[in-house]
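# Fold and contact review
Letter by letter, the chains look like this.
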Amino acid sequence: QVQLVESGGGLVQAGGSLRLSCAASGILVSINDMDWYRQAPGKQRELVAGITSGGRTNYVDSVKGRFTVSRDNAKNTMWLQMNSLRPEDTAVYYCHAMVRTVVSFNAHVWGPGTQVTVSS
């Protein structure tokens, strides 16, 4: 079974930075797309940033120019560098991956989430 674990969340003042990490473990063949989602209280979960296995990235408009997603395929790890944080970035951030295993070509895997709180 493949697991994703996020780390790096915390409390930061507006204008500050945080770097989230997502590490995959378990028996897998490869990881296809990886994404960061977030969910604020009372709101739907939204896609923040994504990166393909080839390194192509996409971002929601509200984080463009402030957040950078990256990954290391050899380490099965993805990061989200978040700069110029705003109070509206406060949310639980989730790692998501499309994983190829010995029994599934494209399995959805989610991490448990990490809290990011930005104070004004």
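Residues numbered from 1 in each chain as written. Predicted model: local features only at pLDDT ≥ 70, side-chain atom pairs only at ≥ 80, totals over all residues. Heavy atoms only, no water.

## Digging into the nonpolar core
Filter applied, for reference: Here, nonpolar core refers to any group of buried Ala, Val, Leu, Ile, Met, Phe, Trp, Tyr and Cys residues whose side-chain atoms link them within 4.5 Å. The rule is simple: take the accessible area with a 1.4 Å probe, protein chains only, and divide by the maximum for that residue type; under 20% is buried, over 50% is exposed, in between is partly exposed. Put simply, DSSP marks the helices as runs of H or I at least four residues long and the strands as runs of E at least two long, and each gets a number from the N terminus on. The criterion used for residue contact is that any of the two residues' heavy atoms lie within 4.5 Å.
Ranked by size, the top nonpolar core spans 30 residues in total, and within it Trp36, Leu80, Met82 and Tyr93 carry the most contacts. At the level of secondary structure, the elements contributing two or more residues to this core comprise β3 (18–25), β4 (30–39), β5 (46–51), β7 (67–72), β8 (77–82), β9 (91–100) and β11 (114–119). Residue contributions to this core peak at five residues, all from β9. Leaving out residues up to four positions away in the same chain, Tyr93 has contacts with Glu6, Leu20, Tyr37, Arg38, Val48, Phe67, Leu80, Met82, Gly113, Thr114 and Val116.

## Brief notes about the state of the cysteines
Spelled out, the test is: Disulfide: a pair of cysteine sulfur atoms within 2.5 Å of each other.
As enumerated under the stated definition, the model contains one disulfide in all. Across the disulfide from Cys22 sits Cys95; the S-S distance is 1.9 Å. Disulfide Cys22-Cys95: torsion about the S-S bond near -70°, hence left-handed. Of the two residues, Cys22 sits in strand β3 while Cys95 sits in strand β9, which places them 73 residues apart along the sequence. With respect to class, Cys22 is no different from Cys95; both count as buried.

## Things to note about the sheet that holds β3
Inclusion rule: For two strands to be treated as a pair, DSSP must find no fewer than two bridges joining them. Axis lines are fitted to C-alpha atoms, over the contacting stretch for helices. Their N-to-C directions set the angle, which ranges from 0 to 180 degrees.
As summarised here, the arrangement of the four strands in space is β1-β3-β8-β7, forming an open sheet in which the pairing is antiparallel. Of all the strands in the sheet, the pair left with one neighbour each is β1 (3–7) and β7. The sheet shows a mean angle of 15° between the axes of neighbouring strands, direction not considered. Sheet analysis places β1 next to β3, joined by five bridges and oriented antiparallel. When the bridges of β3 are listed, Val5 appears paired with Ala23.

## Details of the environment of Met34
Turning to its location among the elements, Met34 is positioned in strand β4. By relative accessible area, Met34 is classed as buried at 1%. Along the primary structure Met34 and His108 are separated by 74 residues, whereas in three dimensions their C-alpha atoms are 9.9 Å apart. In contact with Met34, other than residues within four places in its own chain, are Cys22, Ala49, Gly50, Ile51, Arg71, Met78, Cys95, His96 and Ala97.

## Points about the pairing of β8
The element β8 is extensively covered by neighbouring structure, given that five of its six residues are classed as buried. For β3 and β8, the ladder comprises six bridges, and the chain directions are antiparallel. Each bridged residue has a counterpart across the sheet, and for Leu18 the counterpart in β8 is Met82. Across six bridges, the pairing between β7 and β8 is antiparallel. Among the inter-strand pairings, Thr68 is bridged to a residue of β8, identified as Gln81.

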